[in-house]
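Next come the chains, spelled out residue by residue.
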Amino acid sequence: MAVFRDLSLLWSLSHILIIFMLLYRSRFSKRKTFFLTGITMGPLILLNVAGVVIFGTEFMGKAFILTCTLPSLLFFWFVSRDKNGRFFFTFCLADTAALWIIAVTNLLDFYLGGQQFVLMLIGRFVLFLLAEWVAVRYLRKPYLELQEWVTGGWGIFAGMTALYYVLLAVFSNFPVVITSRPQEMPAFLLVLALMPMTYATIFIAMYRQLQLYRKQQSERVLQEQKHSLEAQLENQQAIRKLKHDMKGHVVTLSGLLSAGKTQESLEYLKKLVVEMDVLWGQFCANPYLNAVISYYARKFQELEAELRLDIRVGEEELPYMELCQILSNGLDNALTALRELAPGEREASVQMKYSRDYLVIRVRNLCRKGLRVEKGILPSTDKKEAGHGFGLITIQEAAGRLGGDMLCYTENGNFVLDVMVRVQALHMS
């Protein structure tokens, strides 16, 4: 009944691909990904099934890493969006899970099925479908989210899964198949039992990382809302104060004009206009970005710091949630840095302008002497209090969600934050 064995192998190899494709992130569209996978992996699977028919399962079991694993690894490395530990962990996870199912069904057929391969075929049919259902129902969504947001820990997990794969492949087939080595069967069964427990531990650890990230994101959102409410409250208080002071301004201007001091009156009016602009926050046509800028403009004024603005955006539709995060965290970092300097050295600037399909944001501020930040290196905070150290990370993540990137460095005594985000020519609409 070798046909059942061959069908079970064809089923297994096909569904290894399905499990992997449910979990990894391709850099191409779904249509192109399926097309490339079909024309590449289809013939590879058929060649391995033909190898089993011609050379036998024992020989192909030993050659499987060379005939299937490595070629598929190279192909999916080319197709995958990730070229790091995320990819290797996902690849080894799918392959090891499939190898585990193959090993278990081999044992079931050998000891209970009389090596007729019927139980093998039924077992693989059921277990692979069950694995795919679990992947779709419980694993795929949180796992894709983990790949998106969790940046650390993938390398060690990928190394662990690769070792498990090699251990399972070698233990199953070298020097001969495991069923021909009954004295080693207890150890092999322990490996089979240990592997799901290890994966469960890995996923629990990674899911806790995701929960921690979500908590940090919630705290950041609450912080942004707090800033917005504080800005509204301060704006109302400033308006009330301006109304109260307006009588004094009128008296002053009347006195200057009565004395014929026209130039002094104009200078006074200019200063009053600047003060009113700060209070009303007329810095940008976009109401969301304007709210952030006006809030921090008052903070810089309170610190007696000079803030120069060059905002070249209008009323066009923009991804304001991410842009407000970038601006508020960038200005907050600048404000914190300027507090360490003498009043006469507190200077910062903000530039926002379009460059083709990108919006470029640059926040520059004077920084303490001795601070050195190289391009491409994310500096860490030296503050120990809770809540510090997330600003640049938040900016980097917000830029990434908009298809852009962030770069920070020191230059001529200044700390420079450059952010480029893709806005797809919305400024042209």
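Residues numbered from 1 in each chain as written. Predicted model: local features only at pLDDT ≥ 70, side-chain atom pairs only at ≥ 80, totals over all residues. Heavy atoms only, no water.

Draft legend 1. Examining the overall build of the protein chain more closely. Scanning the protein chain from terminus to terminus reveals 11 helices and five strands. In the protein chain, which comprises 429 residues, the share counted as buried stands at 42%. Sequence separation of at least 24 residues holds for 72% of the intrachain contacts in the protein chain that already meet a minimum separation of 6. Roughly 23,600 Å² of accessible area belongs to the protein chain as shown, and the carbon and sulfur atoms make up 63% of that amount. (Helix = DSSP H or I, 4+ residues; strand = E, 2+ residues; numbered from the N terminus. Buried < 20%, exposed > 50% of the residue type's maximum accessible area, 1.4 Å probe, protein only. Contact = heavy atoms within 4.5 Å. Areas by Shrake-Rupley, 256 points an atom, 1.4 Å probe, with all protein chains shown as cover.)

Draft legend 2. Main features of helix α10 (residues 320–338). Here α10 spans 26 Å end to end across 19 residues, near enough to the 27 Å set by a 1.5 Å rise per residue. Here α10 lies mainly inside the structure; 14 of its 19 residues are buried. (Expected span 1.5 Å × (residues − 1).)

Draft legend 3. Focus on the nonpolar core. Core analysis: the largest hydrophobic core is formed by 58 residues, its most contacted members being L13, F76, F89 and F188. Among the secondary structure elements, those contributing two or more residues to this core are α1 (2–23), α2 (30–55), α3 (57–79), α4 (85–112), α5 (118–149), α6 (154–173) and α7 (185–258). Element by element, the count of residues in this core is highest for α4, at 11 residues. (Core = buried A, V, L, I, M, F, W, Y, C linked by side-chain atoms within 4.5 Å.)

Draft legend 4. Structural view of the side chain of E322. By the element assignment, E322 lies in helix α10. Residue class for E322 comes out buried when judged on its relative accessible area of 18%. In this structure E322 touches A398, R401 and L402, once residues within four positions along its chain are discounted.

Draft legend 5. Geometry of the environment of R368. Tracing the chain through its elements places R368 in the loop between β3 (358–366) and α11 (391–401). The class for R368 is partly exposed, based on a relative accessible area of 38%. Remark: the alpha-carbon pair of R368 and F415, spanning 47 residues in sequence, is separated by 9.1 Å.

Draft legend 6. Focus on the environment of A50. Position of A50 relative to the elements: it lies in helix α2. Here A50 falls in the partly exposed class, since its relative accessible area comes to 30%. Sequence spacing of A50 and D6 is 44 residues, and the spatial spacing of their C-alpha atoms is 8.6 Å.

Draft legend 7. Local environment of α5. Helix length check: α5 (32 residues) gives 44 Å between terminal C-alpha atoms against 46 Å at 1.5 Å per residue, within 8%. The largest bend along α5 measures about 60° and falls at L139, with the proline P142 one to four residues further on. For α5, the set of buried residues is M120, G123, R124, F128, E132, A135, Y143, L146 and Q147. (Bend = angle between axes of the 7 residues up to and from the residue.)

Draft legend 8. Structural detail: the sheet that holds strand β4 (residues 405–411). The five strands lie next to each other as β1-β2-β3-β5-β4, forming an open sheet whose pairing is mixed. Both edges of this open sheet fall to β1 (306–311) and β4, since each of them pairs with a single strand only. Going across the sheet, the axis of each strand differs from the next one's by a mean of 10°, ignoring polarity. Note: β3 against strand β5 (residues 414–422), nine bridges, orientation antiparallel. (Pairing = 2+ DSSP bridges. Axes fitted to C-alpha atoms, helices over the stretch in contact; angles between N-to-C directions.)

Draft legend 9. The packing of α4 against α6, seen in detail. Where α4 contacts α6, the two axes come as close as 8 Å, and the packing angle between them is 30°. With respect to α6, the element α4 is oriented roughly parallel. Crossing handedness for the pair α4 and α6: left-handed. Each of G85, R86, F88, F89, C92, D95, T96, L99, W100 and A103 in α4 lies in contact with α6, whose residues at this interface are W154, G155, F157, A158, T161, A162, Y164, Y165, L168, A169 and S172. For the contact of α4 with α6, a count of residues per class yields 14 nonpolar, five polar and two charged. (Parallel < 35°, antiparallel > 145°, perpendicular 65-115°, else oblique. Left-handed = near helix turned anticlockwise from the far one by under 90°. Nonpolar A, V, L, I, M, F, W, Y, C, P; charged D, E, K, R; others polar.)

Draft legend 10. Structural detail: a nonpolar patch on the surface. Together, V118, I122, F125, V126 and L129 make up a nonpolar patch on the protein surface, roughly 400 Å² of accessible area in all. Locating L129 in the fold gives a position in helix α5. On the basis of relative accessibility, which here comes to 35%, the residue L129 falls in the partly exposed class. (Patch = residues over 30% accessible without salt bridge, like charges linked within 9 Å, V, L, I, M, F, W, Y side chains within 5 Å. Salt bridge = Lys/Arg side-chain N within 4 Å of Asp/Glu carboxyl O.)

Draft legend 11. Representation of the pairing of β5. Of all nine residues that make up β5, seven are buried, and the element is covered over most of its length. By the bridge criterion, seven bridges tie β4 to β5 in an arrangement that is antiparallel. Considered in β5, the bridge of E411 is made with N414. Linking β4 to β5, which pair antiparallel, is a turn of two residues; within it N412 sits at a positive phi near 55°.

Draft legend 12. How the structure looks around unusual backbone geometry. Between F174 and the following residue, P175, the backbone shows a cis peptide bond with an omega angle of -5°. Residue placement: P175 occurs in the loop between α6 and α7. Its identity as a non-glycine residue notwithstanding, F117 has a phi of 70°, on the positive side. Of note in this structure, E304 is not a glycine but carries a positive phi near 60°. On the secondary structure map, E304 appears in the loop between α9 (287–302) and β1.

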